[in-house]
Amino acid sequence: MIKSKIHVDDILGDFDSPIYIGGGSQKQVYSAIHSSFGEVTVKIGRYTSDTEFERISREVRLLQSANSKYFPKQFSFEPKSNSRYCIVEEFIDGDPLEQHLSGYTVPKDALELLSHLVRGMSVFWLRRVVHRDLKPANIMITNSNPRIIDLGIARIQDASSLTLSFAPFGPCTPNYASPEQLTNRKRYIDHRSDQFTLGIVLGQLLLGGMHPFDPVVVKCGNNIPENIFHGAWGKETHSFTCNNEVFNLLSTMLGLEPYQRFRRYHDLEDSIESIVGGFI
Amino acid sequence: MTKLLHQLGHRYQWSLTSIKEDSAGDGVIVGPRYMEPSKVADIPYSVRSRSIFDPQFFLPNTAAGKLREYSFFPDILSDGFSTSEWSIDSASECADRCLEFQLSMDFEAVVIPTRFYEGMPSNFITNQERQFVHPFLSSVERLGVDTAVYLQLILTDQMLKDRPYRTEILNWITSFPELSGVYLIVHAHNRTKQNADIDLLIGLLSFISAALKRVGMCIVIGYTNTESLLLLCAEPDAVTMGSYENLRMFSLRAFENQDGSTPRGPNPRIYIPRLLDWVEYQYIGAIARVVSDLDDYIGNDTYRVRMFQSSYNWHFTKPEPYKHYFKSFSDQFYRLHSSSSDTLVDRVLAECRQAHNDFEMLREAGIVFPSGSGGEHVANWITAINLWRQEEDL
C-alpha cells in the first residue's frame with residue numbers, strides 16, 4: 001500500500017513563509033516564521049499508534065526538560081486531527097556534520113567538537129537517557145556550538161520499553177551502532193553505547209571522513225556492522241594523524257565491550273579536556 | 001599501594017591486637033557472623049575508618065551465629081526470608097538499616113551485600129539486582145551517602161574461568177556510576193588448602209587488572225590465603241589475611257550453621273614465609289636439621305620464640321601461630337610491595353621461584369611433606385603469573 005502524503009496546509013496556515021526542508025510520507029519538515037518565536041522549524045508528522053505518539057511526546061519532553069544550548073529549543077507539541085502531530089522548535093541554521101567530515105583532521109579541532117558533544121550529551125546521560133543514534137547526520141554544525149538533533153530512539157534506562165521487539169538488533173543506525181546495540185543486549189545499552197558511537201565519529205574525523213570500521217580502512221570484513229561486531233577498526237592497519245594520547249582515547253571509546261570504555265561520562269570528559277589542555 | 005586487611009571471624013581479637021601491637025595489617029573486614037553490633041562499635045575508630053563491613057547476606061534465610069543480632073539481616077527483618085516474599089518495601093528497609101549501620105560506624109566505604117549462587121546461573125545478574133543492588137542503590141541516593149560504595153560479589157571458579165560470563169559480569173558492575181569499587185570473594189568448588197587452580201588464578205588476575213583497575217574501580221579481594229601475594233601482581237586495592245582456614249578460603253559452612261559452634265580441630269600449622277606455605281608444626285624440627293638458619297625461613301618474632309620453647313603446647317586454638325602469620329606475612333607483603341628492585345611482578349615471581357627451589361632442596365634432603373603443605377601450589381602460581389603476564393602484555 002502506498003502511503004498518502006500528509007496533509008499539511010491547514011497546519012502551515014498558522015505560520016508565515018513556510019519553506020519545505022525535507023521529509024517523507026510520515027513526516028515533513030519546514031522552516032517558517034512564527035508570530036511569537038520568530039524563525040522556527042515545523043515538523044508535521046503522522047503517528048500510527050498510541051505507542052508511537054508516546055515515543056514522540058517523550059522526545060519532546062526530554063528536550064524541553066534539557067533546556068540545553070546543544071539541543072533545539074522545543075516551543076510546542078500538539079496532536080492534530082487525523083492522527084497527525086505538530087512540533088514547533090527552534091530553527092537551527094547549520095549543516096549536518098556529514099557535510100563537514102573532512103574539516104576536522106587536525107586532532108585539536110576534532111577533540112574540541114567531541115568535547116562539545118560530550119558536554120551536550122551529559123545532560124541526558126546524567127538522567128540515564130541514551131541517544132542511541134549519534135551519527136554525523138544528527139549533529140548540526142552551526143556558527144556557534146554544535147547541536148544534536150533527533151532523540152527519536154533515545155532510551156531511558158530502567159524505563160519499560162515502549163515496543164516489544166524481537167529484532168536481531170535494537171533501534172539504531174547499524175553503521176553507527178555499538179556492538180551491544182547490534183546484538184540487542186539491552187541491559188548494556190547505556191551512555192557507553194553513545195560513547196562508542198562518538199568514538200566512531202571521532203575516528204571518522206581523524207580519517208578525514210573515512211569510517212574507521214570501513215572494510216577499506218580495516219582491510220578485512222564485508223561491511224561496517226560486521227567489523228563493528230568484531231571490534232575491527234583501523235587500529236593496526238591505518239596510521240592516524242594524532243598523538244598517542246588521542247589514539248588511546250579513541251581506543252578506549254571504541255572498546256568492544258562496554259566495560260572496556262570509560263566507565264563514567266565525566267571520566268571521558270576529563271580525558272578529553274586533559275588532552276585538549278595539552279594542545280594549548 | 002595495595003592494602004592488607006584482616007578478615008575477621010572467630011577470635012577476631014587476635015587480629016585487632018595484631019594491628020595494635022605488631023602493626024600487622026592496614027585495617028579489617030568486619031564479619032557480623034561472629035561479632036555483635038556493640039563489638040563492632042568497640043573497634044577503635046582509627047581501625048574502623050580504614051576498614052569495611054561485610055554484611056554477609058550469603059544465605060539470607062539463615063541468620064547464623066551473631067547475624068541474628070542484626071535487625072537488617074533479611075531473615076530477621078522479614079521474620080523468615082524467602083525470595084518470593086522479599087518485597088520492595090522489605091528490600092528498601094533492609095537497605096536503609098544496613099547502610100545506616102555502616103555509616104554510623106564510619107567505615108571507609110559502605111558495602112552493598114550479595115547472596116551466594118552456585119555455578120553459573122543465567123539469572124545471576126537479574127536476581128542480584130532485584131534483591132539487593134537496586135534497593136541499596138536507591139537507598140544510597142535516599143540517604144545521601146557520600147562515602148565510597150562497594151558492591152560485594154561472590155564469583156565461583158566457573159564464573160571466573162568462563163570468559164563470556166566474566167565479561168557479562170564486568171559489563172554489569174561497570175554500568176553503575178554510583179559504585180566506587182567491588183568487594184570480591186572467590187568461591188572455588190574443589191579447593192585445596194592453597195589456591196592452585198591455574199585457570200582460576202589467571203581469570204582472577206585478569207578480572208582485577210584488565211578490567212577494574214583500567215576503569216578506575218577499587219577492588220578488594222576477601223577471604224584470601226597466601227595467594228594475596230600472587231594477587232599483588234595485579235595491584236588490587238586490598239587483599240586479606242585471616243586466622244582460621246575458613247577466613248582464608250571462602251566456605252558457606254560457617255553460614256549454614258545456626259548454633260555458632262567453633263571450627264573443627266585441625267593439626268596446628270605454622271606459616272613459613274620463605275616457603276609461601278603453612279606447614280604442620282612437627283615438620284619444623286626436620287626443616288631445622290636441613291637448613292642452615294631457620295630464621296631465614298620463619299622469621300624471628302616474639303611468637304616464633306614463644307612457640308619454639310619446649311614447654312609450648314601446640315594447639316589450633318592458641319593465638320601464637322596466627323599472630324606469627326599476621327606478623328611474618330605482613331612483613332613479607334610490605335617488603336615485596338615497597339622494594340624498588342625490578343617490577344612488582346618480577347619480585348613476586350622471584351619470591352615464588354625461591355619457595356619452589358627451597359621445597360626441592362628440602363625434598364632432596366629427604367623431607368616428605370603431607371599432601372596440602374608441600375608447596376605444590378607454587379609451580380602453579382609461577383605458571384599462572386607467566387601466562388597472565390603474556391596475555392596482558394606486561
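Given the structure is predicted, the values throughout are model-derived calculations rather than measurements.

Examining the overall build of chain A
Across its full length, chain A holds nine helices and ten strands. For chain A, the spread of C-alpha atoms along the three principal axes comes to 55 × 45 × 35 Å. Taking all 280 residues of chain A together, 38% fall into the buried category. For chain A, long-range pairs separated by at least 24 residues make up 57% of all intrachain contacts whose partners lie at least 6 apart in sequence.

Overview of the overall build of chain B
Looking only at helices and strands, one finds 17 helices and ten strands in chain B. Here chain B has a C-alpha radius of gyration of 21 Å; the compact-globule value for 394 residues is 21 Å, and the two agree. Taking the principal axes of its C-alpha atoms as reference, chain B extends roughly 65 × 50 × 35 Å. A total of 394 residues make up chain B; the buried ones form 47% of that total. The contacts in chain B between residues at least 6 apart in sequence include a share of 70% that link residues at least 24 apart.

Topic: the interface of chain A and chain B
Between chain A and chain B, the residue contacts involve eight residues of the former and nine residues of the latter. When grouped by side-chain class, the residues that make up the side of chain A that touches chain B number three nonpolar, no polar and five charged.

A short note on the packing of helix H5 (residues 88-104) of chain B against helix H6 (residues 124-142) of chain B
Residue and element names in this part refer to chain B. Direction vectors running N to C along H5 and H6 enclose 60 degrees, while the axes themselves pass 8 Å from each other. As judged from the angle between their axes, H5 and H6 are oblique. Crossing hand, H5 versus H6: right-handed. Where H5 approaches H6, its residues Ala 91, Ser 92, Ala 95, Asp 96 and Leu 99 are matched on the opposing element by Gln 131, Pro 135, Phe 136, Ser 138, Ser 139 and Val 140.

So, the sheet that holds strand S9 (residues 147-148) of chain A
Residue and element names in this part refer to chain A. Here we have three strands laid out as an open sheet, ordered S6-S8-S9, and antiparallel in their pairing. Two strands close off the open sheet at either side, each with one partner strand: strand S6 (95-96) and S9. Sheet analysis places strand S8 (residues 139-141) next to S9, joined by two bridges and oriented antiparallel. Counterpart to Met 140 in the pairing with S9 is Arg 147.

Thoughts on the nonpolar core
Ile52(B), Tyr150(B), Val182(B), Leu184(B), Leu230(B) and Cys233(B) are the most contacted members of the largest nonpolar core, which has 114 residues in total. Shared between two domains, this core takes at least three residues from each, and those domains are domain 1 (3-256) and domain 2 (269-392) of chain B. Contacts of Val182(B), omitting those with residues within four sequence positions, involve Tyr150(B), Leu151(B), Leu153(B), Ile173(B), Leu212(B), Met217(B) and Ile219(B). Grouped together as the second largest cluster of nonpolar side chains are 54 residues, Leu134(A), Tyr188(A), Phe196(A) and Ile275(A) included.

A closer look at the packing of helix H16 (residues 344-364) of chain B against helix H17 (residues 376-392) of chain B
Residues and elements named next belong to chain B. Two elements in contact, H16 and H17, have axes whose closest approach is 9 Å; the angle formed by their N-to-C orientations is 155 degrees. As the angle between them shows, H16 and H17 are arranged roughly antiparallel. The chirality of how H16 crosses H17 is left-handed. Within the contact between the two elements, H16 uses Val 345, Val 348, Leu 349, Cys 352, Arg 353, Ala 355, His 356 and Phe 359 and H17 uses Val 378, Ala 379, Trp 381, Ile 382, Ile 385 and Arg 389. Broken down by class, the residue content of the contact of H16 with H17 amounts to eleven nonpolar, one polar and two charged.

Quick look at unusual backbone geometry
Even without being a glycine, Arg132(A) presents a positive backbone phi close to 75 degrees. Take Arg132(A): it is sitting in the loop between strand S7 (129-130) and S8. Backbone geometry at Leu276(B) places phi at a positive 55 degrees, although glycine is not the residue there. Topologically, Leu276(B) is positioned in the loop between strand S9 (269-272) and strand S10 (277-280). Judged by C-beta crowding, with 25 C-beta atoms within 10 Å, Leu276(B) ranks as buried.

Regarding H5(B)
Residues and elements named next belong to chain B. With 17 residues, H5 extends 24 Å from end C-alpha to end C-alpha; this agrees with the ideal 24 Å at 1.5 Å per step. At its buried positions, H5 is contacted by strand S3 (52-53), helix H4 (74-77), strand S4 (109-112) and H6. Note on H5: the residue one or two positions beyond its end, Asp 106, has a positive phi of about 60 degrees.

Quick look at the pairing of S10(B)
All names here are of chain B. Pairing of S9 with S10, which is carried by four bridges, proceeds in the antiparallel orientation. When the sheet's bridge partners are listed, Arg 269 is paired in S10 with Glu 280. Taking the residues that link successive antiparallel strands as the turn, the S9-S10 hairpin has four residues, and the phi of Leu 276 there is positive, at about 55 degrees.

Topic: the sheet that holds strand S1 (residues 16-23) of chain A
Residues and elements named next belong to chain A. Read across the sheet, five strands follow the order S1-S2-S3-S5-S4 without closing on themselves; strand pairing throughout is antiparallel. Where the open sheet ends on each side, the last strands, each with one partner, are S1 and strand S4 (74-80). For this sheet the average axis-to-axis angle between neighbouring strands, irrespective of direction, equals 20 degrees. As paired elements, S1 and strand S2 (residues 27-34) share five bridges and run antiparallel to each other.

What to know about the domain arrangement of chain A
All names here are of chain A. Looking at the assigned domains, one finds that chain A contains domain 1 (9-90) and domain 2 (95-279). A straight line from the C-alpha centre of domain 1 to that of domain 2 covers 27 Å. Tallied by class, the residues present in the side of domain 1 that touches domain 2 amount to six nonpolar, two polar and four charged.

What to know about helix H3 (residues 107-125) of chain A
The end-to-end C-alpha separation of H3(A) is 25 Å, in line with the 27 Å expected for 19 residues at 1.5 Å each. Residues of H3(A) that are buried include every one of Pro107(A), Ala110(A), Leu111(A), Leu113(A), Leu114(A), Leu117(A), Val118(A), Gly120(A), Met121(A), Phe124(A) and Trp125(A), and no others.

Some remarks on the domain arrangement of chain B
Residue and element names in this part refer to chain B. The domain architecture assigned to chain B consists of domain 1 (3-256) and domain 2 (269-392). Taking only C-alpha atoms, the centre of domain 1 and the centre of domain 2 are 28 Å apart. With 28 residues of domain 1 at the contact, the number on the domain 2 side is 31 residues. At the level of elements, helix H1 (12-22), helix H9 (198-213) and helix H10 (227-231) are the ones that each hand at least two residues to the side of domain 1 that touches domain 2. At seven residues, H9 tops the list of elements feeding residues into the side of domain 1 that touches domain 2.

Structural notes on the pairing of S4(B)
Residues and elements named next belong to chain B. Of the two faces of S4, the one lined by Ala 109 and Val 111 and the one lined by Val 110 and Ile 112 are each fully buried. Across four bridges, the pairing between S4 and strand S5 (residues 148-156) is parallel. What sits directly across from Val 110, in S5, is Val 149. The handedness of the S4 to S5 crossover, carried by H6, is right-handed.

Rules and cut-offs
- Residues numbered from 1 in each chain as written.
- Chains lettered and ligands numbered in written order.
- Predicted model: local features only at pLDDT ≥ 70, side-chain atom pairs only at ≥ 80, totals over all residues.
- Helix = DSSP H or I, 4+ residues; strand = E, 2+ residues; numbered from the N terminus.
- Buried ≥ 20, exposed ≤ 12 C-beta atoms within 10 Å, placed from the backbone.
- Contact = placed C-beta atoms within 7 Å.
- Rg over C-alpha atoms; globule rule 2.2 N^0.38 Å.
- Nonpolar A, V, L, I, M, F, W, Y, C, P; charged D, E, K, R; others polar.
- Axes fitted to C-alpha atoms, helices over the stretch in contact; angles between N-to-C directions.
- Parallel < 35°, antiparallel > 145°, perpendicular 65-115°, else oblique.
- Left-handed = near helix turned anticlockwise from the far one by under 90°.
- Pairing = 2+ DSSP bridges.
- Core = buried A, V, L, I, M, F, W, Y, C linked by C-beta atoms within 7 Å.
- Domains from an automatic or database assignment.
- Expected span 1.5 Å × (residues − 1).
- Right-handed = clockwise from strand over helix to strand, strands pointing away.

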